[in-house]
Every structure is written in structure tokens, then in C-alpha cells.
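Observations on chain architecture
Here is how the chains run, residue by residue.
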Amino acid sequence: MKKFFDMNNKYIGWGITAFVVIACAIVFYMLLHYVSSVIRVLSWIIRILSPFIWGAIIAYILAPSIDWNEEKIFDPLLGRVDARKHPRLLRMFKSRWLSIAMAEIIMVAVVGTLIALVLPQVYTSIQMIIFNSPTYINKILKWIEGLLKNWPEAEAFVSSTLGNIGDAAMTWVSDRLLPRLDYIISNVTSSVMYVLRGMYNVIIGIVVSVYLLNKKELVVASCKKIIYSVFPLTMARRIKNGFSFTDTIFRGFISGKIVDSAIIGVICYTFCVIARIPYALLVSVIVGCTNVIPFFGPFIGAIPSILLILMISPSKALIFAIGILVLQQFDGNILGPKILGTTTGVGGFWVLFSIILGAGLFGFWGMLLGVPVWVIIYTIAQKAMNKQLETKGLPTDTREYIDLDYIDEETKQVFHYPGSSEETEEE
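What comes next concerns the included structure. (Residues numbered from 1 in each chain as written. Predicted model: local features only at pLDDT ≥ 70, side-chain atom pairs only at ≥ 80, totals over all residues. Heavy atoms only, no water.)

Our next topic: the pattern of salt bridges. On inspection of all chains with the given rule, the structure shows six salt bridges. Here K216 ties to D67 by a salt bridge, and the two come within 2.6 Å at their closest N and O atoms. Separated by 149 residues along the polypeptide, K216 in helix α8 (residues 216-230) and D67 in helix α3 (residues 50-79) bring together distant segments of the chain. Residue D67 is classed as partly exposed on the basis of its relative accessible area, which comes to 34%. A salt bridge links K257 to D260, with the nearest nitrogen and oxygen atoms 4.0 Å apart. (Salt bridge = Lys/Arg side-chain N within 4 Å of Asp/Glu carboxyl O. Helix = DSSP H or I, 4+ residues; strand = E, 2+ residues; numbered from the N terminus. Buried < 20%, exposed > 50% of the residue type's maximum accessible area, 1.4 Å probe, protein only.)

In C-alpha cells:
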């Protein structure tokens, strides 16, 4: 009997393996069967932990500035203070706490300034659009009529189309909008509560970020301790290196995009002021904020801005559109690569693929973070593939596989189609 329950017995091993496989299959089936309930529970947990999630995000973004402030400003500054003459001063003011306070104050000041500048502009813009909408519509109609006066058939078609659109709009207002005012008001109320809850999460998140930043070395050390306690040494080292690589990619991409978008916003505002574009500050903030989103960001910010300016002056809208096109070309070909460097390291096709996939799966956050996540997946897949090729003694350079005919099984020599190697070298 004792021999039967020996853990080295192969039958016992098979039984445990079978039990684990069946248990995992049952758990997987239950997850699929109750996937909606699981999602609701996860959403509930995430909502509860939102302040801590925001705190972790804020701490992660501010960590590089904390290190810089501590090393370049406060350590040298406090180093000049005589510890014997001012011991209480040194105990009261630590370089870490001063660095955290400076970074948090700058962050709150920048965000608060943007909100204070943008919200009045948004309110004024909406008010002007509502009060002056008939004037704007007549101005646009006259502008369209002036463009189409030499094409009577096109003018008649456009007039008929605009008339139909106007009738449809009036019908929608009378039949759909007015009867649902109660529903709209309740939605506005819930939106206000959502904003208040978001402000609460951010405020508590700032407090949490202060604690995380003060003990950031201890937090990182605790994570490493958990990894080494759970996994074998070799795997733990790989996981740690993987997290370090992920941190490098995300930190470089996020910080680079923030700096790039801030510069684009300032340039856009300068251009709008010089060209006397209406709502210069508002459209510049929109363009700068949406520029954080790769590839589609410029279009997302430019289209509503052009429509907003179009209601005031169609000619200014055309000037703004041309200026944004030039600005985005400058950003995509000169400024962006200069700031981001080789952070992405993937082709334009994969950037587009990652943004579309991320947006389809996770919405805005997937669109924003799809590129760095895909860079990590792409790099891991590339390393795994190259490792397999090296194990087989095959070349890892992709160019070696252009016009590949076959590879000799014994010598591992790569043979190309006749004449293809010379053509590739000439190109």
C-alpha cells in the first residue's frame, strides 16, 4: 500500500496529471459558460480598485522625473547643507519627498491649467454655436452656392439634398429629441456623477502614487522577490528581463508621445494665432491631445476642429486643414522619429495593424497602447523564432530568405533561384 502511494510511481503521476487536466477543463468550461458573470465581477473589482490603478499609473509616469529631480536638483542642494548646524532641517526635508512634491505639483498645475483654459473655451464655443447656428448655416449655404453657381445641375442637387437634410433634422427634433428629454436629462445627471467619481479616483490615486513613489525601490524589489519565490531561477531571470524590456518600451513610448504631442500642440497654437484661426487655443489642445494616439490621432483631432472653424469661416478652415496636413507630415517624418527614436522598431503596416486590433478589442486604451504592446509581442516572437533557427543552424537574417529555393539538409547552405542573389545585391 505504501508503495502504491509513492509519488514516484508512474501511475500516481498519470493520475495526478489526468486530474489536473480534467479540473482545468472544468474550470475553463465554467468560465466560458459564466463569462458574462465573470466579466461583471472583474468590472466590479476594477471599479473598487480604480483609485489604486490610477495611483499606479501616475506613479509609473512620474517615476523618471522623480529620479531626475532627486539626482540633479535636491541631492546636490541638500548636500550643501551642514548636517551639524541644521540637523532638524535635513530630517524635515528629504530629497525624495521634495522630488515627489515637485513632480506632483507640476502635474496638477499642468492638468489644471489645461482644464481651466479649455473648459471656458468649450462652453463659449457651444454657446456661440447654439445661438449663431442659423447665421452659420446661412453662411455655409451661401458659400456652397457661390462655389456651384456655374454648375446649375450640381447646385440644384445640393440644394435638394440640404433641404431634405433640414426636413429630416426638424422631424428628428420633434419626434425623437423632445419626447426623450427626460431620458437625456437623466443621462446628463449620470454623466455628472461619473465625472465626480472619476475626480474622486484621481484624487485618491494621487495620494496612492505618493506612497508608491516614496517606496518605489521597495515595491520593485517585492515584485522581484515574488517572481523568484514562485518560478525556477532560469525562468525567473527571463521573466524579470521581460518585465525590464516591457518597462523600457512603454516608458520610452509614453514619455516620447507626451513630449511629441506637447510640441505639436504649441506649434499648432502658434500657427493658429499667426493665421488668426478662430478658437486657436481650443483646436490646438484638441490636436495636441489626440496626437498621443498613433496614426489616427491627427485625423481624430483635425476633423472636429475643421468643422468647428468651418462654421465661422470656410476660408480659415481650409487654411487650418492645410496647416494641419503640413504639421502632421513634419511630425510623422521628422519630429516623431527624432523623439521616439527606435522605440517602436516595427514597420508601418504592423503599427496600423496593432492600432486597429487594439481599438477593436479594447477601444480607446487599445488604440493608445496597441503599438507598444504589439512591439513587445513582435519582439518576443522574433527572438523565439531566431532562437529556433539558430538551434537548427539556419540563418536569422530575413534577407537570406528572399527568393529562397531550398536549404541543404547536411550543410545548411542556403540556395536561391538562379540570378536572384545578384539582383538582390544590385538592389
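Even without glycine at this site, R276 takes up a positive phi of about 60 degrees. With relative accessibility at 69%, the residue R276 sits in the exposed group. The backbone phi angle of Y279 is positive, close to 55 degrees, even though this residue is not glycine. If you trace the backbone, Y279 turns up in the loop between α9 (233-275) and α10 (280-290). According to the relative accessible area criterion, Y279 is buried, its value standing at 11%.

Attention now moves to the environment of Q382. Looking at the element boundaries, Q382 is found in helix α13 (residues 348-391). Among the residues examined, Q382 registers a relative accessible area of 28% and is labelled partly exposed. A sequence separation of 14 residues divides Q382 from T396, and the C-alpha atoms of the two residues are 9.6 Å apart.

This brings us to the nonpolar core. The tendency in soluble globular proteins is for nonpolar side chains to be buried side by side. Core analysis: the largest hydrophobic core is formed by 20 residues, its most contacted members being C268, C272, V283, F320 and I324. Secondary-structure elements contributing two or more residues to this core are α9, α10, α11 (297-310) and α12 (314-340). Among all residues touching C272, those that are not within four sequence positions of it are I277, A280, V283, S284 and F320. Counting residues in each nonpolar core, the second largest holds eleven residues, with F253, I355, L368 and V371 among its members. (Core = buried A, V, L, I, M, F, W, Y, C linked by side-chain atoms within 4.5 Å. Contact = heavy atoms within 4.5 Å.)

Turning our attention to the packing of aromatic side chains. Aromatic ring pairs: the centre-centre distance and the angle between the two ring planes describe each pair. Counted by the stated rule, this structure contains zero aromatic pairs. Looking at R251, its charged tip hangs above the ring of Y60, at a distance of 4.3 Å from the centre. Across from the ring centre of F245, 5.2 Å away, lies the NZ or CZ of K383, which sits over that ring. (Phe/Tyr/Trp six-rings, centres within 6.5 Å; stacked < 30°, edge-to-face > 60°. Lys NZ or Arg CZ within 6 Å of the ring centre and 35° of its normal.)

Bringing α10 into the picture now. By the criterion of burial, α10 is predominantly enclosed, with eight of the eleven residues buried. Taken residue by residue, α10 has A280, L282, V283, S284, V285, V287, G288 and T290 as its buried positions.

Let us now look at the pairing of strand β1 (residues 404-407). Along a regular strand, successive side chains alternate from one face of the sheet to the other. Two strands pair when backbone bridges link them, and β1 and strand β2 (residues 414-416) are joined in this way by three bridges, in the antiparallel orientation. Directly across from Y406, in β2, lies its bridge partner F415. With antiparallel pairing between neighbouring strands as the criterion, β1 and β2 make up a hairpin whose turn holds six residues, including K412 at a positive phi of roughly 60 degrees. (Pairing = 2+ DSSP bridges.)

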